[in-house]
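# Fold and contact review
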Amino acid sequence: MQTQKSIVWRAWGWLDGRYRLTPLISALLHVEIPRSARTYYLGGITLFLFMVQAITGVLLSLYYQPAPSAAYDSVLFIMHQVNFGWLIRSIHAWGANLMILFCILHLLRIFFQGAHKAPREITWAVGVLLLGVTLGFGFTGYLLPWDQRAFWATTVGSEIAGVVPLVGQKLLIFLRSGPEVTARTLSRFFGVHVLVLPATLLTILAVHLTLVHQQGLADPTRPVEPAEGTTSAAGQEKKDLLPFFPTYLLDEVIAWYAMLAILIVLASLFPAGLDEPADPLRTPEHTKPEWYFLFLYEGLKLVPRIVGVTVPLVGGLFLLLLPFIDRSPQRIPRKRPVAITIGVATLAIIIALTIRGWLS
Amino acid sequence: MNRPIVRHLGFALVVLVVALLIPTFIIAQGVPLIPHPLEGRDDCLGCHGTGIAEFPKVPADHAGRTNDLCQGCHQSAAEATSAPALVIPAIPHPLEGRDDCLVCHEFGVVGATQIPGDHAGRTNDMCQGCHQPATEAAPPAAPPNIPHPLEGRDDCLGCHGTGLAGFPQVPADHAGRTNDLCQGCHQSAAETGAVPPAASPAAPPGIPHPLEGRDDCLACHGAGIAGVPQTPDDHAGRTNDLCQGCHQPITEAAPAAEAPAFPLIPHLLEGRDNCLDCHGTGLAGFPQVPANHAGRTDDVCQSCHQLSPEVAHATGPSPFPPIPHPLEARDECLACHETGAAGAPQIPSDHVGRPNNICQGCHQPEAPASVRKNCLDCHILPEGSMAPEEGAAAGGVPTIPHALERHDDCLACHQDGVGGAPRIPGDHADRTNDVCQTCHQPGPVSESQAPAEPVPTPIALYPWPEKVNTCFDCHSTLGGKQADIADQWQRSIHAERNVACADCHGGDPTLSAMEASMSPDANFVGVPAKSDIPALCASCHADVPRMRQYDLPTDQWAKYKESTHGFQLSQGDRNVPTCFDCHGGHQVLKANDPASTVYPSNVPDLCASCHADETIMAGYNIPTDQFDLYRQSVHGLALLDNQDFRAPNCATCHGTHGAAPPGFAEVANICGSCHTATQDYYLKSPHANAGYGAPKCVTCHGRYDVSKPSEAIFVGAGPRHCGACHPPDSAAGRVAQSLYDTLTVAAQAYEEAEAAVQTAQRVGMLVTPLEGRLREANTSLIIARAAQHTLDPDSVRALTDDVQTIADEVKASADAAVAESLFRRRAMIIAVAVIGLVITALFLLKRELERQLDTESYKPPDLA
């Protein structure tokens, strides 16, 4: 006797009968991943944090008012009046920082494992763009509470853009929608933060995930990637492979839950703060941008402006095109000492500058 | 027995009996007794002859009888014991001076017993015929004695007529009696000896103080001011002229033994009639009047306190140093003696705070200048010497080579040879300024010593735009000091503004030959004399049209001349700074250049470079610790450590070019130029209006070492505390305690609110709005702390009430935020626990999946 199927399965059968979804889902889920291709959950957590940001961001936008006269008060309203408003905003603020952090850690993991190398050049480049968009989220979102810290961090942050050679001044005016940080800046940042960047990020993320899906995860234990056009699972023994669904995905979900717990703890113990309302006529004694821009800001203090801006720009371009520049197929770190040395040195410099900026 | 004999005998007996009885009968029935005493009344017919005034007239058959016969028949009733005594009212009052009985008794005026109707027509001289004085046996209702002396008090009714002020009022039956009657009945107790006034328990207190000059008893005793005994309530309405009626001076009785109870005045009184100026506040160590003297005025002091005999009759040398100089135009004693400036003896430490107007109370001019003998009146000049008035330096009497205007304090320079002035010889020691010119006469004035006036400099002769400056060209190649000078000038604002070497030093900078460019023909000046420097600089800097373009002030020269520095320079003192010394020599920088020596934060070091130097200051008797004190003060820390340019440097209080120590009375204005609100409050306070000796800012806060003020200043008796002047149990002491309590409570409320906000902030709660409110409370607290200078606890309390209200509100909100944080943390634990459970479940699921994978039993779910 045939078992009575649940309503979910029956609904699925109804849809599948019409749209032939099974091959699509199977193609998405039933892939196999080498057991040795450890990602340390970094990319997955970044994705999870993006989803958290999207949800909390939508909730915040229900109350937030993007005008200088109202923005600060609306944030105060969210913090004090809206049920769990403080939690939503605190998670959004912490999620933003953690998303950037995990994005960077994800990038570093890829770099040190050589996973960006052929045939994954495009995936890497798209990933670097995702990092750029994420930083854009951070930069634009930071202004929105319209308190002193937000206003002046944006002021000094956008000044960094102003010293870019040739287009600096135009870039600054484009960013601020005028020569100063004003109501138009706030309006522009809000629009970019909730419309332009999400659309951009979703698009690029879709490309990134599709590329990852098509190629599978790189296996760091293989010194050289198999021939182009194959997936990472090709040529592997069955016992060395792991089903993406449900095993691999379950592992990720566990990590996501852990991250959710961390977010709740951070938001409860260290809720998002709010400085005094923005006052363009009163410059605080210590103004500095957020931690992820600190190395740029600090660098500008130490070297001539042109150097302080040009070097990060060239560095960013170098990062974007890294797989095309470093074309050695070798993945094992100790087999590529120059790249690793440059990477470690760059990282050390960035961390040193950040710490110096933090302490200044 | 013989009957006829018996009859005869019987008859005879009857006749005898009748004969004996007739006169008795006559007396008893027909001869009236004399009802009145007979003493002094021997003229019976005076009354009875005519029967006046109802006296029984002698019967007609008595006609011709004379006075001497009357008592033959009429006997005194008093003597006729068998007869009842007539009751004749005695005279209840003394008779002395009262011989006109009828004045009162005829009509019964003022309560006197009216004579009966049958007495009509009786004359005064008859009264005492019957009515005798009752003085021997004083009746129980004897009139009260007069308990007070009578001298000068003959207007009894003035007091007793209306019962004024508790005096016994005359009884109603005395109505109409006049003053001259009173003593008829009422005798002075003192005279009667009945009640000695002093021994009476109700004796009026004696007057314990001399009376001379104190005839207005009620001025003090009326209101009981200043601790003197107040007149009792029952004395209300009594006037000064009555007091001594009862109250007698006891100084006679209690002689010198008690006199020292009032401290004697140990100083001369001339010019010192404002006793309370010094003794009112205990200024400067003077004994303060006791608390029970509060309210007494200057004019009563000497009533008790007498000039000490030692001072009054001093014959020997005065214990107070005499004033060895004339006093004309020198009434500002403290200008010199306070700091010991110009060699004047410095006042002892216990004189600090005493004002100028009391100096001469003790210190008297040694002798009028006019009394001094001209030396030459006695002393003959040596042969061949010229008389001093001829202005010669011969005879060893040097002439005065400088102008005397503003140079009249000879010893200021010549005592110690300040600034190169010739020092007075040893045998001139103790001579004072006013005798100098007795011998030393003004001579030709040396130009170099004369007060310099601005002189035009050749600035216009060598316009810089030519860019020719051979001075610089040459000096910069000389090396050493010369090159340094050239280098310094080149960095200066003067070089920038085209003011070059020749503009100050003269010479022609267009000539390359040194001999020509530095020749007298080229107006070469060389190194200007120090005394010429201020004027030299002023030739440009006091020139309004020239300075206008730089927006620079032009009053520096005028101020400098009024400064202590400028004055000393004019006295020939070369230690004092001129423009050159403070503004950086040749490297004059703009005052707002941080490298400038006169930049605000550099000024303390600049001033200290001389004023902290004991060697330089030794000749001026000026302390050298000002910089050290300032350095640790709130002002020094703010300016020098925090670079807070709102904080004052030396020049802020002492002036820059017009530098001089501000007077004590000017202090509030100096401090108030920054502490404006505080000054406004202070000016409303009793302190501001209590005269010269009243506390100024520096009294409580110090001068150079101004420390951060705290409420602690209100309590304790140490220096700079309220208790230093006001005992805690005085009215002012209670005000201080009230201010302390009010401000301390408010400050504590503020601190508690602040701590609560910090706690809320520490647990991550949003406190920005609370911080804003907290700032409002702090502002109110700051204003309240300034307002305490009014010494009005009520107005301070009005402000601290605001602090309290806001602080309470902020604390409640902060506490609520902390409670909210606690709730969030508990909720967090629950949420994390739930997630932990989910993770555990997922982990178990994962292990199950891996087991299936290991046993190859895993199959992808069949979606179809």
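Everything here concerns the structure above.
Reference entry: report on the structure contained in this document. (Residues numbered from 1 in each chain as written. Chains lettered and ligands numbered in written order. Predicted model: local features only at pLDDT ≥ 70, side-chain atom pairs only at ≥ 80, totals over all residues. Heavy atoms only, no water.)

## With respect to the overall build of chain B
The helix and strand tally for chain B stands at 39 helices and 0 strands. For chain B, the proportion of its 864 residues judged to be buried stands at 31%. A fraction of 63% describes how many contacts in chain B between residues 6 or more apart in sequence connect residues 24 or more apart. Summed over its atoms, the accessible surface of chain B is roughly 51,800 Å², and 60% of this surface lies on carbon and sulfur atoms. (Helix = DSSP H or I, 4+ residues; strand = E, 2+ residues; numbered from the N terminus. Buried < 20%, exposed > 50% of the residue type's maximum accessible area, 1.4 Å probe, protein only. Contact = heavy atoms within 4.5 Å. Areas by Shrake-Rupley, 256 points an atom, 1.4 Å probe, with all protein chains shown as cover.)

## A word on the packing of helix H7 (residues 148–162) of chain A against helix H8 (residues 168–176) of chain A
When two helices pack together, you describe them by how their axes are tilted relative to each other and by the distance separating the axes. Residue and element names in this part refer to chain A. Here H7 crosses H8 at 145°, and the two axes come no closer than 7 Å. Residues Thr155, Ser158, Glu159, Ala161 and Gly162 of H7 form the contact with H8, whose own contacting residues are Gly168, Gln169, Leu171, Leu172, Leu175 and Arg176. Looking at the contact of H7 with H8 residue by residue, the class counts come to 4 nonpolar, 5 polar and 2 charged. (Axes fitted to C-alpha atoms, helices over the stretch in contact; angles between N-to-C directions. Nonpolar A, V, L, I, M, F, W, Y, C, P; charged D, E, K, R; others polar.)

## Here's the deal with the interface of chain A and chain B
In many analyses, interface size is given as the accessible surface area lost on bringing the parts together. On the side of chain B, 27 residues touch chain A, which itself brings 36 residues to the contact. When chain A packs against chain B, close to 2,800 Å² is buried across both sides, 74% of that on carbon and sulfur atoms. Taken as a group, Leu250(A), Ile254(A) and Tyr257(A) account for 19% of the area that chain A buries against chain B, more than any other trio of residues on that side. Joining chain A to chain B, the criterion identifies 2 salt bridges. Linking Lys846(B) and Asp251(A) is a salt bridge whose minimum nitrogen-to-oxygen distance equals 2.7 Å. On the surface where chain A and chain B come into contact, there are 3 residue pairs in polar contact (both at pLDDT 80 or more). (Buried area = accessible area lost by both parts, 1.4 Å probe. Salt bridge = Lys/Arg side-chain N within 4 Å of Asp/Glu carboxyl O. Polar contact = N/O pair within 3.5 Å; in protein donor to acceptor, adjacent residues only side chain to side chain.)

## Some remarks on the packing of aromatic side chains
Residues and elements named next belong to chain A. Using the criterion set out here, one finds 13 aromatic pairs over all chains in the structure. When the centroid spacing of 6.2 Å and the interplanar angle of 40° are considered together, the rings of tyrosine 63 and phenylalanine 77 count as tilted. Pair noted here: tyrosine 63 is in the loop between helix H3 (42–61) and helix H4 (68–80) and phenylalanine 77 is in helix H4, with a separation of 14 residues, a long-range link. Here tyrosine 292 and phenylalanine 293 contribute two aromatic rings whose centre-to-centre distance is 5.1 Å and whose plane-to-plane angle is 70°, an arrangement assigned as edge-to-face. (Phe/Tyr/Trp six-rings, centres within 6.5 Å; stacked < 30°, edge-to-face > 60°.)

## Some details on the side chain of Glu298(A)
Counting through the fold element by element, Glu298(A) comes out in helix H11 (residues 291–302). Excluding its chain neighbours within four sequence positions, the residues that come into contact with Glu298(A) are Leu353(A), Arg356(A), Gly357(A) and Ser360(A).

## Considering the side chain of Gln113(A)
Inspection of the secondary structure puts Gln113(A) in the loop between helix H5 (85–112) and helix H6 (121–143). Once residues lying within four places of it in the same chain are set aside, the contact partners of Gln113(A) are Arg38(A), Tyr40(A), Pro220(A), Arg331(A) and Arg336(A).

## Re H4(A)
Given a rise of 1.5 Å per residue, 13 residues ought to cover 18 Å, and the 19 Å separating the end C-alpha atoms of H4(A) matches this to within 8%. Residues of H4(A) that are buried include every one of Ala70(A), Ala71(A), Tyr72(A), Ser74(A), Val75(A), Leu76(A), Ile78(A) and Met79(A), and no others. Packed against the buried residues of H4(A) are H3, H5 and helix H9 (183–215) of chain A together with helix H38 (768–787) and helix H39 (793–854) of chain B. (Expected span 1.5 Å × (residues − 1).)

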